[in-house]
Amino acid sequence: MTVIAIDGPAGSGKSTLARGLARALGFLLLDTGAMYRALALAAQRAGIDPNDADALTQLAQQAAIQLVAQGDATRVLLNGEDVSEAIRTPEISELASRVSVHSGVRRVMVQQQRAIAAQAYGVVAEGRDTTTVVFPEAAVKIYLNASPQERARRRQQQLQQQGIDAPYEVILQQILERDARDAARAESPLRPAPDAIILQNDGWSKEQTLEHALQLCRERLGVPE
Ligand code: DC
């Protein structure tokens, strides 16, 4: 099993990059954020307090969260129900960043992520701790970053495409708060692995980011172009 792991803050373009790499290399896409989002949705539906670590850990053990490849897209299933769209709202973004602070929750999720990867020939994993905790032995580790302002602009466009109108200032504020929470938490804080390649992609197009990363992966994996 070959793992390419990509970490970075919200809106850095990790998901787009991971999707592009997975497609180009024929690898499975493992969107770990989608798993935390699905758990957040399950918690919301069950009326569980985001501070209740025990109840959330139990929920993580019980909920069946699946990532199913469907053509170029990956559908997220929660107990068999397709929740791919339902987990992309600003409310669930917020809740996912709260439920993911608990160590018990993270232990369960990391176990599940490794189990998914173990079944695959090659995996592109993306999230906050895939290079540091989930797959420290990954063949390629990338830390993708962009300024908060650039990330807020991108997130706003993304939301608009989904028909959600949110003011730039609000999105920027949310991004800054989520960054702070992701970086400050005791368990698996967001930080670059010492041996990660840092890509700062302000002003780069999606295609440029993909091309750059693909080049790196091909060099590291010894894959001919
Ligand atoms: O990448 P994303 O926005 O879909 O992630 C949603 C939330 O889940 C985000 O606040 C951070 C958290 N997360 C995490 O703690 N660890 C991961 N490996 C992936 C996401």
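Further up the page is the structure itself.
Scope of this entry: the structure provided in the associated data block.

Calculation criteria
Residues numbered from 1 in each chain as written. Predicted model: local features only at pLDDT ≥ 70, side-chain atom pairs only at ≥ 80, totals over all residues. Heavy atoms only, no water. Helix = DSSP H or I, 4+ residues; strand = E, 2+ residues; numbered from the N terminus. Rg over C-alpha atoms; globule rule 2.2 N^0.38 Å. Buried < 20%, exposed > 50% of the residue type's maximum accessible area, 1.4 Å probe, protein only. Contact = heavy atoms within 4.5 Å. Areas by Shrake-Rupley, 256 points an atom, 1.4 Å probe, with all protein chains shown as cover. Phe/Tyr/Trp six-rings, centres within 6.5 Å; stacked < 30°, edge-to-face > 60°. Pairing = 2+ DSSP bridges. Axes fitted to C-alpha atoms, helices over the stretch in contact; angles between N-to-C directions. Near = heavy atom within 4 Å. Polar contact = N/O pair within 3.5 Å; in protein donor to acceptor, adjacent residues only side chain to side chain. Nonpolar A, V, L, I, M, F, W, Y, C, P; charged D, E, K, R; others polar. Parallel < 35°, antiparallel > 145°, perpendicular 65-115°, else oblique. Left-handed = near helix turned anticlockwise from the far one by under 90°. 1 Å grid on protein atoms, 1.4 Å probe; cavity = no way out; pocket = protein on both sides within 12 Å on 5 of 7 lines; lining within 4 Å. Points joined across faces, edges and corners; volume = space filled by probe spheres on them. Salt bridge = Lys/Arg side-chain N within 4 Å of Asp/Glu carboxyl O.

1. A few points about the overall build of the protein chain
The secondary structure content of the protein chain amounts to nine helices and eight strands. Computed over the C-alpha atoms, the radius of gyration of the protein chain is 17 Å, within 12% of the 17 Å expected from 2.2 N^0.38 for a compact globule of 225 residues. Referenced to the eigenvectors of the C-alpha coordinate spread, the extents of the protein chain come out at roughly 50 × 40 × 35 Å. The proportion of buried residues among the 225 residues of the protein chain is 50%. Put simply, 72% of the contacts in the protein chain that link residues at least 6 apart link residues at least 24 apart. Accessible surface computed for the protein chain: about 10700 Å², of which carbon and sulfur atoms make up 48%.

2. Considerations on the packing of aromatic side chains
What the rule picks out here adds up to one aromatic pair. Aromatic pair Phe 27 and Tyr 121: ring centres 5.8 Å apart, planes at 90 degrees, arrangement edge-to-face. With Phe 27 in the loop between α1 (14-25) and β2 (28-31) and Tyr 121 in the loop between α5 (103-118) and β6 (122-127), this residue pair connects regions lying 94 residues apart in the sequence. Take Phe 27: its relative accessible area is 11%, and that puts it in the buried class.

3. Focus on the sheet that holds strand β5 (residues 81-82)
Each strand in a sheet pairs with another by means of backbone hydrogen bonds, the pair being arranged parallel or else antiparallel. Strand order in this open sheet of three strands is β3-β4-β5, and the pairing throughout is antiparallel. On the outer flanks of this sheet lie β3 (65-70) and β5, each paired with one strand and no other. Sheet topology places β3 next to strand β4 (residues 73-78); six bridges connect them, and they run antiparallel. Within the sheet, the bridge partner assigned to Gln 70 lies in β4 and is Ala 73. Taken strand by strand, helix α2 (residues 32-46) contacts β3, β4 and β5, and its axis lies near 30 degrees from that of β4.

4. Quick look at the site of the ligand
Taken together, 17 residues lie around the ligand, and Arg 37, Arg 106, Arg 128, Asp 129 and Arg 185 are the ones closest in. Between the ligand and Asp 129 there is a distance of 2.8 Å, counted from a nitrogen atom to a side-chain nitrogen or oxygen. No other element matches α2, which puts four residues into the shell around the ligand. In terms of residue class, the shell around the ligand is made up of two nonpolar, five polar and 10 charged.

5. Some details on the packing of helix α3 (residues 53-62) against α5
Packing of α3 against α5 brings their axes to within 8 Å, and their N-to-C directions diverge by 15 degrees. Considering the angle they form, α3 stands roughly parallel to α5. In the crossing of α3 with α5, the sense of the turn from one axis to the other is left-handed. Note on element contacts: α5 touches α3 through Gly 104, Val 105, Val 108 and Gln 112, opposite Leu 56, Thr 57, Ala 60 and Gln 61. Class assignment for the residues of the contact of α3 with α5 results in four nonpolar, four polar and no charged.

6. Quick look at the layout of surface pockets
Its boundaries defined by the atoms lining it, the second largest pocket holds a volume of some 170 Å³. What lines the second largest pocket is a set of 13 residues, and nearest its centre among them are Phe 27, Leu 29, Gly 71, Asp 72 and Thr 74. Those elements giving two or more residues to the lining of the second largest pocket turn out to be α1, β2, β3 and β4. Its residues placed into classes, the lining of the second largest pocket shows eight nonpolar, two polar and three charged.

7. Quick word on unusual backbone geometry
Positive phi, normally seen in glycine, also occurs at Asn 79, with a value near 45 degrees. The residue Asn 79 is located in the loop between β4 and β5 in this model. Unusually for a residue other than glycine, Ser 188 sits at a positive phi of about 45 degrees.

8. Quick look at the pattern of salt bridges
Counted according to the given criterion, the structure contains 13 salt bridges. Among the salt bridges present, the one from Arg 106 reaches Asp 129, with a minimum N-O distance of 2.9 Å. Here Arg 106, found in helix α5, pairs with Asp 129, found in the loop between β6 and α6 (130-134); they are 23 residues apart in sequence, far enough to count as distant. Residue classification places Arg 106 among the buried residues on the basis of a relative accessible area of 3%.

Interpretation note: all reported values are geometric properties and have no functional meaning in isolation.
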